[in-house]
Amino acid sequence: MCNEYHFQRPLHELMEEFSRLNVPFDWAGGAPNLEPLASIRPTDPAPVVVSHAGGARLMRLRWGFPGPRGPVINVRSEGRHFPTGRCIAPADGFYEFTGTKAPKSKWLFEAADGGMLGIAGLVRDDRFTLLTCAPGPDMAPYHDRQVAILPRRDWAAWLGEPGEQPPLDPLPAGSLRVTQVR
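Side note on the overall build of the chain
When its secondary structure is counted, the chain shows 2 helices and 14 strands. Split into buried and exposed, the 182 residues of the chain put 46% on the buried side. In the chain, the proportion of contacts linking residues at least 24 apart, taken out of those at least 6 apart, comes to 73%. Counting every atom, the chain has about 8900 Å² of accessible surface; 51% of that belongs to carbon and sulfur. Computed over 20 positive and 20 negative side-chain charges, the inter-centroid distance for the chain is 7 Å.

Things to note about the environment of glutamine 165
Assignment of secondary structure puts glutamine 165 in the loop between helix H2 (155-159) and strand E14 (176-180). Through-space distance from the C-alpha of glutamine 165 to that of proline 90 is 18 Å; in sequence the pair is 75 residues apart. A distance of 3.4 Å separates polar atoms of two side chains, one belonging to glutamine 165 and the other to histidine 81. Within the structure, glutamine 165 has its side chain in polar contact with the backbone nitrogen of phenylalanine 82 (distance 2.7 Å).

Considering the sheet that holds strand E1 (residues 5-7)
If you trace the 5 strands from one edge of the open sheet to the other, you get E3-E1-E8-E9-E14, paired in antiparallel fashion. Every other strand in the sheet has two partners, leaving strand E3 (37-40) and E14 as the edge strands with one partner each. The mean inter-strand angle of the sheet, taken between neighbouring strand axes irrespective of direction, is 25 degrees. The pairing of E1 with E3 spans 2 bridges and is antiparallel. Paired with tyrosine 5 across the bridge in E3 is isoleucine 40.

Details of unusual backbone geometry
Put simply, alanine 102 and proline 103 share a cis peptide bond, and its omega is -5 degrees. With respect to the element layout, proline 103 can be found in the loop between strand E8 (93-98) and strand E9 (105-111). Located in the positive-phi region is threonine 43, a residue other than glycine, with phi close to 75 degrees. Within the secondary structure, threonine 43 sits in the loop between E3 and strand E4 (45-52). Residue classification places threonine 43 among the partly exposed positions, given a relative accessible area of 36%. Backbone geometry places aspartate 125, a non-glycine residue, at a positive phi of 55 degrees. Along the chain, the position of aspartate 125 falls in the loop between strand E10 (117-124) and strand E11 (127-133).

Quick notes on the layout of surface pockets
Of the pockets and cavities examined, the largest pocket occupies roughly 340 Å³. Around the largest pocket, the lining is made up of 22 residues, and of these Ile149, Leu150, Pro151, Arg152 and Leu171 lie nearest the centre. Only E10 and strand E13 (149-150) provide two or more residues apiece to the lining of the largest pocket. Residues of the lining of the largest pocket, tallied by class, amount to 15 nonpolar, 2 polar and 5 charged.

Conventions and cut-offs
- Residues numbered from 1 in each chain as written.
- Predicted model: local features only at pLDDT ≥ 70, side-chain atom pairs only at ≥ 80, totals over all residues.
- Heavy atoms only, no water.
- Helix = DSSP H or I, 4+ residues; strand = E, 2+ residues; numbered from the N terminus.
- Buried < 20%, exposed > 50% of the residue type's maximum accessible area, 1.4 Å probe, protein only.
- Contact = heavy atoms within 4.5 Å.
- Areas by Shrake-Rupley, 256 points an atom, 1.4 Å probe, with all protein chains shown as cover.
- Lys, Arg positive; Asp, Glu negative; His and termini not counted.
- Charge placed at Lys NZ, Arg CZ, Asp CG, Glu CD.
- Polar contact = N/O pair within 3.5 Å; in protein donor to acceptor, adjacent residues only side chain to side chain.
- Pairing = 2+ DSSP bridges.
- Axes fitted to C-alpha atoms, helices over the stretch in contact; angles between N-to-C directions.
- 1 Å grid on protein atoms, 1.4 Å probe; cavity = no way out; pocket = protein on both sides within 12 Å on 5 of 7 lines; lining within 4 Å.
- Points joined across faces, edges and corners; volume = space filled by probe spheres on them.
- Nonpolar A, V, L, I, M, F, W, Y, C, P; charged D, E, K, R; others polar.

Below, the structure written as structure tokens:
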């Protein structure tokens, strides 16, 4: 399951994505110094976008809900409704690992169009977790699960009204570009 992703775009690109969706965007305490993050791993602080006052707010939260056996970094979405606490983790790409022996093969998954990915997540207190779904055709050869990637058109709805929730379905074939890293 996804235990590493990256986000290296400048903050203005994230703001522009929400502006195109007509979603007001702000951040608590002034503009953050958001440095490029080449590797985000469990328990790392990372940028997430949450609903705030009819718009979106950028926050830095730690990845992983506290759990009895370590951080809960992924939560299955099938058959579940998430009325509150929804967030989007912006990403340029995420990694999956295959093989049984170390070092495992490492695969990078990026948007085929070069755009930004919005991974559906949940926020609780000062932490977040990523939601997962069944794998799409681009992911299925590598893993039996994948992070739930929201089509850009659903970002505002995901952050919107607590009762409404867009579907968390796998992306269609050809949506993700796959590159072997090692």
